[in-house]
Amino acid sequence: MKSIGFVGLGAMGSVMAPLPVEAGFTVTGFDPVARLDASCGVVMAANLHDLASCDAIVLMLPDGTVVTKVATSLVQVGFAGLLIDMSSSQPDGTIALGKQLGESGIRLIDAPVSGGRKKAALGTLMVMTGGSADDLKAAGTLLACFGTVAHVGPLAAGHAMKALNNYVSAAGLLASMQALATAESFGIAPETFTKVINGSTGRNNTTEVKLEPFIISRHYDSGFFLRLMAKDVGIASDLIKNAGFDAPITTALNEYLESAVDHLGADADHTGLYEMVNPAKP
């Protein structure tokens with residue numbers, strides 16, 4: 001496996017696509033609305049047909065609907081290699097797509113990531129993979145370019161793991177924001193709250209990584225859209241309910257995030273959720 005296609009050069013894809021070049025792969029990128037500078041080593045394609053001869057193609061796209069559309073187009077242009085969906089997609093859709101692609105000789109694995117744009121640029125993401133052991137072995141060196149690879153189960157297990165991870169992350173995000181706002185109402189300085197909770201059992205990714213740079217500062221520029229978090233939480237909510245492990249927080253969190261996206265807008269950063277919890281005073 002030497003020639004790699006990379007479809008989707010947005011916030012994450014734009015910093016991930018150059019990483020395999022450094023490992024000796026030939027990378028051809030495609031995005032209808034974005035381009036990368038030639039200095040990064042990624043060759044830009046004019047269309048999907050230019051990717052047909054690649055050994056493997058990575059997809060980093062907004063959702064499973066777009067993934068299916070692109071995958072279908074790749075079938076039509078004659079691609080017959082390994083397709084790696086690193087997007088956050090609905091697991092049932094991934095299983096269905098895998099069966100559809102298999103009829104055309106295309107193998108599919110899902111490999112969504114966690115860690116944000118900073119870790120993406122450094123190649124230190126957590127890569128959650130689902131698929132056959134043989135396909136994961138074939139893609140091992142490529143996936144290792146992006147971070148730590150964990151084979152979590154069969155096809156679609158990676159997408160399930162990603163959605164569940166973001167569900168837990170979102171619950172911690174909202175709880176941390178509520179606690180921060182309440183602490184301030186008792187005269188506890190935000191910096192003191194952060195220091196104490198990070199030395200206590202309440203610490204989590206939000207308190208350790210997001211409070212001071214993005215939330216307390218109200219900069220809200222972590223690089224991860226609130227609408228994408230809400231989408232993943234919606235997927236996780238369905239998975240939890242269908243598995244029979246529903247709890248009051250499931251629906252409440254899902255509905256709160258959907259309401260926040262409507263209120264704050266599609267371009268809101270997920271840390272901007274604080275404006276729902278504790279709006280800035282004029």
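Residues numbered from 1 in each chain as written. Predicted model: local features only at pLDDT ≥ 70, side-chain atom pairs only at ≥ 80, totals over all residues. Heavy atoms only, no water.

Draft legend 1. Focus on the overall build of the protein chain. Helix and strand counts for the protein chain stand at 13 helices and nine strands. For 282 residues, the compact-globule estimate of 2.2 N^0.38 gives 19 Å, and the protein chain sits close to it at 20 Å. With the C-alpha coordinates aligned to their principal axes, the bounding extent of the protein chain is approximately 65 × 45 × 35 Å. A burial count over the protein chain gives 47% of its 282 residues as buried. Partitioning the contacts of the protein chain with sequence separation of at least 6, the portion at a separation of at least 24 is 64%. Roughly 13,100 Å² of accessible area belongs to the protein chain as shown, and the carbon and sulfur atoms make up 57% of that amount. If you average the places of the 18 positive and of the 26 negative side-chain charges in the protein chain, the two averages end up 4 Å apart. (Helix = DSSP H or I, 4+ residues; strand = E, 2+ residues; numbered from the N terminus. Rg over C-alpha atoms; globule rule 2.2 N^0.38 Å. Buried < 20%, exposed > 50% of the residue type's maximum accessible area, 1.4 Å probe, protein only. Contact = heavy atoms within 4.5 Å. Areas by Shrake-Rupley, 256 points an atom, 1.4 Å probe, with all protein chains shown as cover. Lys, Arg positive; Asp, Glu negative; His and termini not counted. Charge placed at Lys NZ, Arg CZ, Asp CG, Glu CD.)

Draft legend 2. Seen up close, unusual backbone geometry. Phi is positive for Ala156, close to 90 degrees, though the residue is something other than glycine. Its place among the elements puts Ala156 in the loop between strand 9 (147-153) and helix 8 (157-185). Given the relative accessible area of 5%, Ala156 is considered buried. In this structure, Arg218 is a non-glycine residue whose phi angle is positive, near 60 degrees. Residue position: Arg218 is located in the loop between helix 10 (205-216) and helix 11 (226-243).

Draft legend 3. Structural view of the environment of Tyr220. Turning to its location among the elements, Tyr220 is positioned in the loop between helix 10 and helix 11. On a C-alpha basis, the gap between Tyr220 and Leu164 in space is 23 Å, while along the polypeptide they are 56 residues apart. With residues up to four places along the chain from it excluded, the contact list for Tyr220 reads Phe214, Ile215, Asp269, Thr271, Gly272, Tyr274 and Glu275.

Draft legend 4. Spotlight on the packing of aromatic side chains. The tally for this structure, following the rule as stated, stands at one aromatic pair. Ring centres 6.4 Å apart and planes at 70 degrees place the aromatic pair Phe6 and Phe146 in the edge-to-face group. Taken together, the residues span a long stretch of sequence, with Phe6 in strand 1 (residues 3-7) and Phe146 in the loop between helix 7 (140-144) and strand 9 at a distance of 140 residues. In this arrangement the basic side chain of Arg227 is found over the ring face of Phe225, its NZ or CZ atom lying 4.2 Å from the centre. (Phe/Tyr/Trp six-rings, centres within 6.5 Å; stacked < 30°, edge-to-face > 60°. Lys NZ or Arg CZ within 6 Å of the ring centre and 35° of its normal.)

Draft legend 5. Structural view of the pairing of strand 8 (residues 125-130). The element strand 8 is extensively covered by neighbouring structure, given that five of its six residues are classed as buried. Relative to strand 8, strand 7 (residues 113-114) runs antiparallel, the two sharing two bridges. Within strand 8, the position partnered with Val113 by the bridge is Val127. Both strand 8 and strand 9 contribute to a ladder of six bridges, which runs parallel. The partner of Leu125 across the bridge, within strand 9, is Gly147. (Pairing = 2+ DSSP bridges.)

Draft legend 6. Quick peek at helix 9 (residues 190-197). For helix 9, the complete set of buried residues consists of Pro190, Phe193, Thr194 and Ile197. Buried residues of helix 9 fall within an arc of 95 degrees about the axis and therefore sit on the same side. Turned more than 90 degrees off the buried face of helix 9, the exposed positions are Lys195 and Val196. (Arc of directions from axis to C-beta.)

Draft legend 7. Quick peek at helix 3 (residues 64-76). The terminal C-alpha atoms of helix 3, which comprises 13 residues, lie 18 Å apart, in line with the 18 Å expected from a rise of 1.5 Å per residue. Residues of helix 3 that are buried: Val67, Val70, Ala71 and Leu74. When helix 3 is viewed along its axis, its buried side chains cluster within an angular range of 100 degrees and face the same direction. For helix 3, the exposed residues lying more than 90 degrees away from the buried face are Thr65, Lys69 and Gln76. Backbone nitrogen of Thr65 and a side-chain oxygen of the N-cap are separated by 3.1 Å at the start of helix 3; the cap is Asp63. (Expected span 1.5 Å × (residues − 1). Polar contact = N/O pair within 3.5 Å; in protein donor to acceptor, adjacent residues only side chain to side chain.)

Draft legend 8. Representation of the nonpolar core. In terms of nonpolar packing, the biggest core is built from 32 residues, with Phe6, Met16, Ile84, Met86, Leu143 and Phe146 touching the most fellow members. Among the secondary structure elements, those contributing two or more residues to this core are strand 1, helix 1 (13-16), strand 4 (56-59), strand 5 (82-85), strand 8 and helix 7. If sequence neighbours within four positions are ignored, Leu143 has contacts with Ile84, Met86, Ile109, Ala111, Val127, Thr129, Leu136 and Val149. Membership of the second largest hydrophobic core comes to 29 residues, among which are Phe214, Leu226, Leu257 and Ala260. (Core = buried A, V, L, I, M, F, W, Y, C linked by side-chain atoms within 4.5 Å.)

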